[in-house]
Amino acid sequence: MSFTDNSLLTVSTSNTYTIPQFLDYLGVRGAKDDALHVIRYDEQSLRVQSPPVSIYFYSLSLKEYVNGPSQMMDLTEPYIYLDTPHKTLEWDNCDASPGSFLSGYGLLVSAELLEPYVKQYSFATYSSHEALYLLPEEKTLLQDLFEKAYAEYQKEPFTKPIVVSYAALLLSYIQLFYERQFQSRATLYHRVVADFYAHLEQYFTPENDLNALPTVAYFAEKAALSTNYFGDLIKSFTGQPPQTHIQQHVVQLAKTRLRHSDATVSEIAYALGFEYPTYFTRFFKKETGITPTVFRQQ
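Note that the structure is a prediction, hence the values are computed from the model and not measured.

S.K.: Before we go on, may I ask you to explain the pattern of salt bridges in this structure?
M.R.: Oppositely charged side chains can form a pair if their charged atoms are brought close together. All chains considered together, the criterion is met by eight salt bridges. Close ionic contact of Arg 40 with Asp 42 constitutes a salt bridge, the shortest N to O distance being 2.9 Å. The class of Arg 40 is partly exposed, set by a relative accessible area of 30%. For the salt bridge of Arg 191 with Asp 195, the shortest nitrogen-to-oxygen distance reads 3.0 Å. With Arg 191 and Asp 195 both in helix H5 (residues 186-203), this residue pair falls four residues apart, about one helical turn. Judged by relative accessible area, which is 29%, Asp 195 ranks as partly exposed. A cluster of three or more residues bridged by salt bridges with shared partners is formed by Arg 40, Asp 42 and Glu 43.

Below, the structure written as structure tokens:
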């Protein structure tokens, strides 16, 4: 039975666990270091359900049910998870199939040890429903790294930097596999890109009473994706981040209105969602090299 990340919530909780506290809470034996632990799930009998609890460490997990539901599903089932400090976890596996058990590994690393590596990867802030779906060869490669980390951890004494280096290598492969996932799910994600363009056009329609410029978070919410996942997806398929698309769209709208309307520069600025005309002038000059007034006079 597993504690899964599929039900991560944003529920606030006063129960924030360090690695030793969380291992004790799960019922995991064999802890050897307060800042690091490697779990082999089929060697442990874990807590099967829990209310929302918060963690103060990083957790990399490779999970698979044996004799359970996962064997009847296709490759769209997620296997790899990254949980980050202050994320909230909640699980209930009381209804797991009879005879099934959890196989795989968990690598728990303190925030201080892994943060220097994690901060370069945007997937660290992806939502739980944006998990990485592994191909068989990818799963084999990641499992091998987990096994090596576990084998090192079993040594007396074990070498902490080696285990952390395995965690860092896992992160680098996860980034690579996410990039593969964007391309392998092209049909699904092309729809996200098309919807982004449509929502961008719709945002500036006359019936939309603008009071601010659109943000990447706004369009990510429209797509029901986290901001970073949405941004990485758009960049993967278009070659540019969504913020660049937004800026380019605003510039083109501004040029059209400057050339083909009698509205003042201030009126155009407010109509596009700028709080102050001076912000619009600085933005336009930064993007085009000239001020709106000079552009209009050309």
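From this point, the discussion proceeds with the structure in view.
S.K.: Help me understand the sheet that holds strand E6 (residues 88-92) in this model?
M.R.: Neighbouring strands of a sheet are bound in pairs by backbone hydrogen bonds; such pairs are parallel or else antiparallel. Strand order in this open sheet of three strands is E1-E3-E6, and the pairing throughout is mixed. If you trace the sheet from one side to the other, it starts and ends with strand E1 (16-17) and E6, each paired once. Note: strand E3 (residues 49-55) against E6, four bridges, orientation antiparallel. Within E6, the position partnered with Ser 54 by the bridge is Thr 88.

S.K.: Looking at this structure, how should I read the packing of helix H3 (residues 136-153) against helix H4 (residues 160-184)?
M.R.: Contact pair H3 / H4: the axes reach a minimum separation of 9 Å and the direction vectors enclose 170°. One element, H3, and the other, H4, form an angle in the roughly antiparallel class. Two secondary-structure elements touch here, H3 through Glu 138, Leu 141, Leu 142, Leu 145, Phe 146, Lys 148, Ala 149, Glu 152 and Tyr 153 and H4 through Ile 162, Val 163, Tyr 166, Leu 169, Leu 170, Tyr 173, Phe 177 and Arg 180. In terms of residue class, the contact of H3 with H4 is built from 13 nonpolar, no polar and four charged.

S.K.: Explain the packing of aromatic side chains here, please?
M.R.: We describe a pair of aromatic rings using the distance from one ring centre to the other and the angle between the two ring planes. Applying the stated criterion across every chain, the model contains 30 aromatic pairs. For the pair Tyr 126 and Tyr 229, a centre-to-centre distance of 4.6 Å together with 80° between the ring planes defines the contact as edge-to-face. Taken together, the residues span a long stretch of sequence, with Tyr 126 in the loop between helix H2 (111-118) and H3 and Tyr 229 in helix H7 (residues 227-238) at a distance of 103 residues. Since its relative accessible area comes to 2%, Tyr 229 is described here as buried. Each member of the aromatic cluster is reached from another via a ring pair, and the members are Tyr 121, Phe 123, Tyr 126, Tyr 178, Phe 182, Tyr 189, Tyr 229 and Phe 237. When the ring centre of Tyr 153 is taken as origin, the NZ or CZ atom of Lys 32, which lies over that ring, is 5.0 Å away.

Conventions and cut-offs
- Residues numbered from 1 in each chain as written.
- Predicted model: local features only at pLDDT ≥ 70, side-chain atom pairs only at ≥ 80, totals over all residues.
- Heavy atoms only, no water.
- Salt bridge = Lys/Arg side-chain N within 4 Å of Asp/Glu carboxyl O.
- Buried < 20%, exposed > 50% of the residue type's maximum accessible area, 1.4 Å probe, protein only.
- Helix = DSSP H or I, 4+ residues; strand = E, 2+ residues; numbered from the N terminus.
- Pairing = 2+ DSSP bridges.
- Axes fitted to C-alpha atoms, helices over the stretch in contact; angles between N-to-C directions.
- Parallel < 35°, antiparallel > 145°, perpendicular 65-115°, else oblique.
- Contact = heavy atoms within 4.5 Å.
- Nonpolar A, V, L, I, M, F, W, Y, C, P; charged D, E, K, R; others polar.
- Phe/Tyr/Trp six-rings, centres within 6.5 Å; stacked < 30°, edge-to-face > 60°.
- Lys NZ or Arg CZ within 6 Å of the ring centre and 35° of its normal.

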